[in-house]
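Observations on chain architecture
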Amino acid sequence: MAPTVRPTVAQPLSPHLQIYRWTWTMAMSVFHRITGTALYGGTFLVAVWLVALASGPRAYDAVAWFFGSWIGRLILFAYTWVLMHHMLGGIRHFIWDAGYGFDRDRRLGLARATLIGSVVLTVVIWALALLLVR
């Protein structure tokens with residue numbers, strides 16, 4: 001018996017991002033993935049700091065100089081924001097996993113709170129750190 005040949009039919013394509021209107025929850029989902037990836041870089045910096053700390057004063061002084069420079073502080077500030085944003089995004093997902101916050105207003109509120117909360121927490125952490133160091 002010969003196999004049957006089916007005529008070629010154009011298959012529908014998946015919708016692309018250009019079709020969708022960006023929403024807060026969509027943007028926060030993308031940011032959650034980006035911050036999760038960026039945490040690898042920040043964790044590498046923490047590992048560099050720990051290795052320098054264990055290697056002695058000369059290595060530590062070099063790393064401390066870098067982290068104390070304006071570019072080092074900018075990187076640390078960004079890492080703090082990445083960490084806070086990813087943490088709050090994880091809490092948002094935990095709330096959803098518990099079965100809450102799925103109505104439109106709560107989804108939007110949680111998404112906005114993730115972004116605003118991460119900025120506020122980052123500024124508060126750095127303000128406290130700068131006040132306590134002096």
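Model, not experiment: these values are computed from the prediction. The residue count restarts for each chain, going from 1 along the sequence in the order it is written. Residues qualify for local features only when their pLDDT is at least 70, as the model is predicted, and side-chain atom pairs are given and counted only at 80 or more; totals for whole chains, interfaces and linings, by contrast, use all residues. Think of the side-chain values as coming from all heavy atoms in the structure, minus any hydrogens and water.

Strands here mean DSSP runs of E at least two residues long; helices mean DSSP runs of H or I at least four residues long; both are numbered from the N terminus. A helix's residues, less one, multiplied by 1.5 Å, set its expected span. Between its first and last C-alpha, helix α1 (residues 24–55) extends 45 Å over 32 residues, near the 46 Å set by a 1.5 Å rise per residue. Each residue gets one of three labels from its accessible area relative to the maximum for its type: buried under 20%, exposed over 50%, partly exposed in between, using a 1.4 Å probe on protein chains only. By the burial criterion, the buried members of α1 are A27, M28, H32, T35, L39, G42 and A52. Where α1 is buried, its residues meet α2 (57–68), α3 (70–97) and α4 (104–133). We call two residues in contact whenever any of their non-hydrogen atoms come within 4.5 Å of each other.

Here, UniProt's "transmembrane region" (unreviewed entry) annotation points to residues 38–56, 62–84 and 113–133. End C-alpha to end C-alpha, residues 38–56 measures 28 Å, and it is 95% helix and 0% strand. UniProt positions are given in the numbering used here, feature names are shortened, and annotations may be inferred rather than shown by experiment.

The subject of this paragraph is the layout of surface pockets. A pocket here means an open set of points on a 1 Å grid, computed over the protein atoms alone, that has protein on both sides within 12 Å along at least five of seven lines. A cavity is instead a set of points where a 1.4 Å probe fits but cannot get out; residues with an atom within 4 Å of a point line either one. Grid points are joined across faces, edges and corners, and a volume is the space filled by probe spheres set on the points. Size it by volume and the largest pocket reaches roughly 230 Å³. Lining the largest pocket are F67, G68, R73, L76, Y79, T80, I125, W126, A129, L130 and V133. At the level of secondary structure, the elements contributing two or more residues to the lining of the largest pocket comprise α2, α3 and α4. Ranked by the residues each element gives to the lining of the largest pocket, the list is headed by α4, at 5 residues. Nonpolar residues are Ala, Val, Leu, Ile, Met, Phe, Trp, Tyr, Cys and Pro. Charged residues are Asp, Glu, Lys and Arg, and all others, Gly as well, are polar. For the lining of the largest pocket, the class distribution of residues is 8 nonpolar, 2 polar and 1 charged.

A pair of packed helices is captured by two measures, namely the crossing angle of their axes and the spacing between those axes. Axis separation between α2 and α3 bottoms out at 4 Å; the angle between their running directions is 75 degrees. With respect to their mutual orientation, α2 and α3 come out roughly perpendicular. When α2 is examined against α3, the residues F66, F67 and G68 are found in contact with a partner set consisting of W70, I71, G72, R73, I75 and L76. Here the residues of the contact of α2 with α3 are counted per class, giving 6 nonpolar, 2 polar and 1 charged. Between the N-to-C directions of two axes lies an angle of 0 to 180 degrees, each axis being a line fitted to C-alpha atoms and, for a helix, fitted only over the stretch in contact. Just so you know how the angles are binned, under 35 degrees is roughly parallel, over 145 roughly antiparallel, 65 to 115 roughly perpendicular, and the rest oblique.

This next bit is on the packing of aromatic side chains. Each pair of aromatic rings taken from Phe, Tyr and Trp, with Trp reduced to its six-membered ring, is defined by centres within 6.5 Å and is described as stacked if the planes are under 30 degrees apart, edge-to-face if over 60, and tilted in the remaining cases. If you walk through the whole model with that rule in mind, you get 5 aromatic pairs. Ring geometry for F66 against F67: centres 5.6 Å apart, planes inclined by 55 degrees, an arrangement best described as tilted. Classification of F66 as partly exposed rests on a relative accessible area of 30%.

Once that is clear, we can look at the side chain of H85. Residue placement: H85 occurs in helix α3. On the basis of relative accessibility, which here comes to 0%, the residue H85 falls in the buried class. Discounting chain neighbours no more than four positions away, the residues touching H85 are M28, F31, H32, T35, T114, L115 and S118.

Now for the packing of α3 against α4. The N-to-C vectors of α3 and α4 enclose an angle of 145 degrees; their axes lie 8 Å apart at closest approach. The crossing of α3 and α4 is right-handed. By residue class, the composition of the contact of α3 with α4 is 17 nonpolar, 7 polar and 3 charged. Each crossing gets its handedness from the near helix: less than a right angle anticlockwise from the far helix is left-handed, clockwise is right-handed.

Now for a nonpolar patch on the surface. To count toward a patch, a residue needs a relative accessible area above 30% and no salt bridge. Like charges then connect within 9 Å, nonpolar side chains (Val, Leu, Ile, Met, Phe, Trp, Tyr) within 5 Å. In these tables, accessible area is a Shrake-Rupley quantity obtained with a 1.4 Å probe, and a residue counts as shielded only by the protein chains included in the view. A pairing counts as a salt bridge when a side-chain nitrogen of Lys or Arg comes within 4 Å of a carboxyl oxygen of Asp or Glu. A surface patch of nonpolar side chains, about 670 Å² in accessible area, is lined by W65, F66, W70, I71, L74 and I75. Counting only elements with at least two residues in the nonpolar patch, the list comes to α2 and α3. No other element matches α3, which puts 4 residues into the nonpolar patch. As for its position among the elements, I75 is in helix α3. Given a relative accessible area of 31%, I75 falls into the partly exposed group.

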